[in-house]
Number of protein chains: 2
Amino acid sequence: MDTLFLSKTDLFRGIPPEDIQSMLGCLKAATKTYQRGDFICREGETVTAMGMVLSGSVSIENDDIWGNRSILDRVGAGQVFAENYACLPGERLMISAVVNEPTEVLFLSTDCMFTVCSHACVFHNKLIRNMLTIAARKSLNLSRRIMHTSSKSIRGRLLSYLSFQATQHGCRAFDIPFNRQQLADYLSVDRSAMSNELSKMQRDGIVKVERNHFVLLESDGL
Amino acid sequence: MDTLFLSKTDLFRGIPPEDIQSMLGCLKAATKTYQRGDFICREGETVTAMGMVLSGSVSIENDDIWGNRSILDRVGAGQVFAENYACLPGERLMISAVVNEPTEVLFLSTDCMFTVCSHACVFHNKLIRNMLTIAARKSLNLSRRIMHTSSKSIRGRLLSYLSFQATQHGCRAFDIPFNRQQLADYLSVDRSAMSNELSKMQRDGIVKVERNHFVLLESDGL
DNA sequence: GCCTCCTTGTTGTTATAACAACATACTTGT
DNA sequence: ACAAGTATGTTGTTATAACAACAAGGAGGC
């Protein structure tokens, strides 16, 4: 197990590689390899362990009863998924985890995370703190998405998202991490309608757009 | 401090009242009383403690730059708020906490939650586990709301919400905890448009509605 | 260079949600 | 029982988003 890699992840941050090695036993660590299209877990199942992507990437998706698929998250190397379900034994998954490319996943049981363990207890606390930090940040990301999609108009959603990005970057000019389709999915709007609205906003002098680069102009209350 | 009350909350569940008493010092517990309309904390600020409502209730709301207010959560007695921010020191609040009625709030610092404390360490672990459980459940609630609002039509959102409620109750007939306006806010749609759509769905034989009581009829893929 | 694939912008049409305004229940307090 | 206030359903109009179809760029491979 590449404990040096693990020591750089959000979950094991601040724990020396040699201590991680001894913790992995505690956490019943097990790795498994998947191919593109494989399901790691499916909606309706229950899980007892969280997953960490070691290499490759995983999509967290929700399929409604009519088969419409929506991507809720994309988890890359070093990031964890299903941690909320692992913390709530017996809770049925609302989502499925699907592999985008050849991917190696490390499963970590949360059972032992909460009990005092015999090895490396100093770092046990660090692990739990990291876990809470990850959970808190993910929660904030979800809240943020809800806020950005609470406006009923496309323009309102775009301005909510863009003005947040501007404050994040501390600058009216910034790049966003989405292409048009991804941004439309994030804001739950139609891509072409969003493109259209962006053009109108440009004509109205609210914003300047060039692919991923945005500049918010004055008089937008920012 | 009413430690008996605290021992029944999600946060202190499983910890005897006498041990809670000694933990409160650890957590730098402090109470404060508020009147209707008071702000406990405001968007843009940073916090170092989480809040627990002892009596009364608090609304978690977000005001966009045009002054449109949206209620994200309502926190009642025994529940906590701002816990994600308390776990992420320095993170600026995206939301404000506003008091709905005369309310008493207990503030708990998270600083000491992660360090080994001298008193009642057996229950310290229990506290942290409870904290993670609360965080996980809140996260799942947020994910669920995102899923229920991801459909572009009002009917799709209603069916997503209602079919989830049906599976939750294990029965096609169930009551929902919202009135029409609250449900419309939750689904981010206009109330009257939603009422209208509910009527249409009733005419289409998909659902039977009577105030808070819903019955999902057959042939909806459930 | 050329071809193909993918992304983005544009337009017109259609469906549908928002909005406003009102009527009809229900609640609650007196 | 009555009045006042709130919640819900209904309707018609208007704004707007979804959708489909296409054109115009890039980007990458050969």
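*Asks:* In this structure, what is going on with the overall build of chain A? I would like to understand it.
*Replies:* If you tally the helices and strands in chain A, you get seven helices and eleven strands. Taken along its principal axes, the extent of the C-alpha atoms in chain A is 65 × 40 × 30 Å. For chain A, the proportion of its 222 residues judged to be buried stands at 48%. Contacts in chain A between residues far apart in sequence, at least 24 positions, make up 68% of those at least 6 positions apart. In chain A, which carries 25 positive and 24 negative side-chain charges, the distance between the mean positions of the two groups comes to 5 Å.

*Asks:* Would you mind showing me how to read the pattern of salt bridges here?
*Replies:* Residues and elements named next belong to chain A. For the structure on display, the rule yields 14 salt bridges over all chains. Across the salt bridge formed by Arg155 and Asp204, the nearest N and O atoms sit 2.9 Å from each other. Here Asp204 lies in the loop between α7 (191-203) and β10 (207-210) and Arg155 lies in helix α5 (residues 154-169), a separation of 49 residues in the sequence.

*Asks:* Would you mind going over the interface of chain B and chain A with me for this structure?
*Replies:* How big an interface is tends to be reported as the loss of accessible area on association of its parts. Taken together, the contact between chain B and chain A spans 43 residues of the former and 43 residues of the latter. Both sides together, the interface formed by chain B and chain A hides about 4,300 Å², and carbon and sulfur atoms give 70% of it. Joining chain B to chain A, the criterion identifies four salt bridges. Secondary structure elements with two or more residues in the side of chain B that touches chain A: β5 (69-75), α3 (83-86), α4 (121-148) and α5 (154-169) of chain B. A breakdown of the residues in the side of chain B that touches chain A according to their chemical character gives 21 nonpolar, twelve polar and ten charged.

*Asks:* Honestly, the relation of the copies chain B and chain A in this entry has me stumped. Any pointers?
*Replies:* By a simple turn and slide, chain B fits onto chain A: the slide is 0.0 Å along the axis, the RMSD is 0.1 Å, and the turn is 180 degrees. Expressed as an axis order, the relation between the two copies is that of a two-fold axis. Judged by C-alpha distance, Ser139(B) is the residue of chain B that lies nearest the rotation axis, at 2.7 Å.

*Asks:* Hey, could you run me through the side chain of Glu197(B) in this one?
*Replies:* Mapped onto the fold, Glu197(B) is located in helix α7 (residues 191-203). Excluding residues within four positions of it along the chain, Glu197(B) makes contact with Ile154(B), Arg155(B) and Leu158(B).

*Asks:* Explanation requested: the protein's contact with DNA strand D in the structure shown.
*Replies:* Taken together, 18 residues surround DNA strand D, and among them Asp190(A), Arg180(B), Ser195(B), Asn196(B) and Ser199(B) come closest. In DNA strand D, the atoms that sit within 4 Å of the protein are 60% sugar and phosphate, with bases accounting for the remainder. Backbone polar atom of Asp190(A) to a phosphate oxygen of DNA strand D: 3.0 Å apart, as the coordinates give it. Elements represented by at least two residues in the surface near DNA strand D include exactly α7 of chain A together with α6 (180-186) and α7 of chain B. Taken together, the residues that form the surface near DNA strand D break down as three nonpolar, nine polar and six charged.

*Asks:* What is the right way to look at the sheet that holds strand β6 (residues 80-81) of chain B in this model?
*Replies:* Residues and elements named next belong to chain B. Taken in spatial order, the four strands make up an open sheet running β1-β8-β3-β6, and their pairing is antiparallel. Each of the sheet's edge strands pairs with one partner strand only, and the pair in question is β1 (30-34) and β6. Bridge count between strand β3 (residues 49-55) and β6: two bridges; the pairing is antiparallel. Within β6, the position partnered with Met52 by the bridge is Val80.

*Asks:* What's the story with the packing of α5(A) against helix α6 (residues 180-187) of chain A in this structure? I'm lost.
*Replies:* When two helices pack together, you describe them by how their axes are tilted relative to each other and by the distance separating the axes. All names here are of chain A. The N-to-C vectors of α5 and α6 enclose an angle of 105 degrees; their axes lie 11 Å apart at closest approach. Relative to α6, α5 is oriented roughly perpendicular. Contacts between α5 and α6 pair Arg157, Leu158 and Tyr161 from the former with Leu183, Tyr186 and Leu187 from the latter. For the contact of α5 with α6, the per-class residue count stands at five nonpolar, no polar and one charged.

*Asks:* Sorry, what's going on with the protein's contact with DNA strand C here?
*Replies:* Of all residues adjacent to DNA strand C, which total 18 residues, the nearest are Arg180(A), Ser195(A), Asn196(A), Ser199(A) and Asp190(B). Sugar plus phosphate: this is where 60% of the atoms of DNA strand C within 4 Å of the protein reside. The side chain of Ser199(A) places a nitrogen or oxygen atom 2.4 Å from a phosphate oxygen of DNA strand C. Going through the elements one at a time, α6 and α7 of chain A together with α7 of chain B are the ones with two or more residues in the surface near DNA strand C. Among the elements that make up the surface near DNA strand C, the one with the highest residue count is α7(A) (five residues). Its residues placed into classes, the surface near DNA strand C shows three nonpolar, nine polar and six charged.

*Asks:* Help me out: how do you make sense of the packing of aromatic side chains in this one?
*Replies:* Note on aromatic pairs: each is described by the distance of the centres and the angle between the planes. All names here are of chain A. Across all of its chains, the model carries eight aromatic pairs over all chains by this definition. Aromatic ring contacts, followed pair by pair, group Tyr161, Phe178 and Tyr186 into a single cluster. The ring of Phe39 carries the charged tip of Arg42 above its face, separated from the ring centre by 3.8 Å.

*Asks:* Even after reading the chapter, I still don't get the environment of Asp2(B), so can you show me in this structure?
*Replies:* Residues and elements named next belong to chain B. As for its placement among the helices and strands, Asp2 is situated in the segment before α1 (3-6). With relative accessibility at 46%, the residue Asp2 sits in the partly exposed group. A distance of 3.0 Å separates a polar atom in the side chain of Asp2 from the backbone nitrogen of Phe5.

*Asks:* I keep staring at the sheet that holds strand β9 (residues 173-175) of chain B and nothing clicks. Help me out?
*Replies:* To summarise the sheet geometry, strands pair through backbone hydrogen bonds and adopt either a parallel or an antiparallel arrangement. All names here are of chain B. An order of β9-β11-β10 is seen for the three strands of this open sheet, with the pairing classed as antiparallel. Bordering the open sheet on either side are β9 and β10 (207-210), each of which pairs with just one other strand. Ignoring strand direction, the axes of neighbouring strands in this sheet form an average angle of 15 degrees. Strand direction decides the pairing type here: β9 and strand β11 (residues 213-216), joined by three bridges, are antiparallel. Paired with Phe174 across the bridge in β11 is Phe214. Relative to the sheet, α5 contacts β9, β10 and β11, its axis offset from that of β9 by approximately 100 degrees. With respect to the sheet, α7 is in contact with β10 and β11, its orientation differing from that of β10 by roughly 130 degrees.

Rules behind the numbers
Residues numbered from 1 in each chain as written. Chains lettered and ligands numbered in written order. Predicted model: local features only at pLDDT ≥ 70, side-chain atom pairs only at ≥ 80, totals over all residues. Heavy atoms only, no water. Helix = DSSP H or I, 4+ residues; strand = E, 2+ residues; numbered from the N terminus. Buried < 20%, exposed > 50% of the residue type's maximum accessible area, 1.4 Å probe, protein only. Contact = heavy atoms within 4.5 Å. Lys, Arg positive; Asp, Glu negative; His and termini not counted. Charge placed at Lys NZ, Arg CZ, Asp CG, Glu CD. Salt bridge = Lys/Arg side-chain N within 4 Å of Asp/Glu carboxyl O. Buried area = accessible area lost by both parts, 1.4 Å probe. Nonpolar A, V, L, I, M, F, W, Y, C, P; charged D, E, K, R; others polar. Least-squares fit on C-alpha atoms with pLDDT ≥ 70 in both. Near = heavy atom within 4 Å. Polar contact = N/O pair within 3.5 Å; in protein donor to acceptor, adjacent residues only side chain to side chain. Pairing = 2+ DSSP bridges. Axes fitted to C-alpha atoms, helices over the stretch in contact; angles between N-to-C directions. Parallel < 35°, antiparallel > 145°, perpendicular 65-115°, else oblique. Phe/Tyr/Trp six-rings, centres within 6.5 Å; stacked < 30°, edge-to-face > 60°. Lys NZ or Arg CZ within 6 Å of the ring centre and 35° of its normal.

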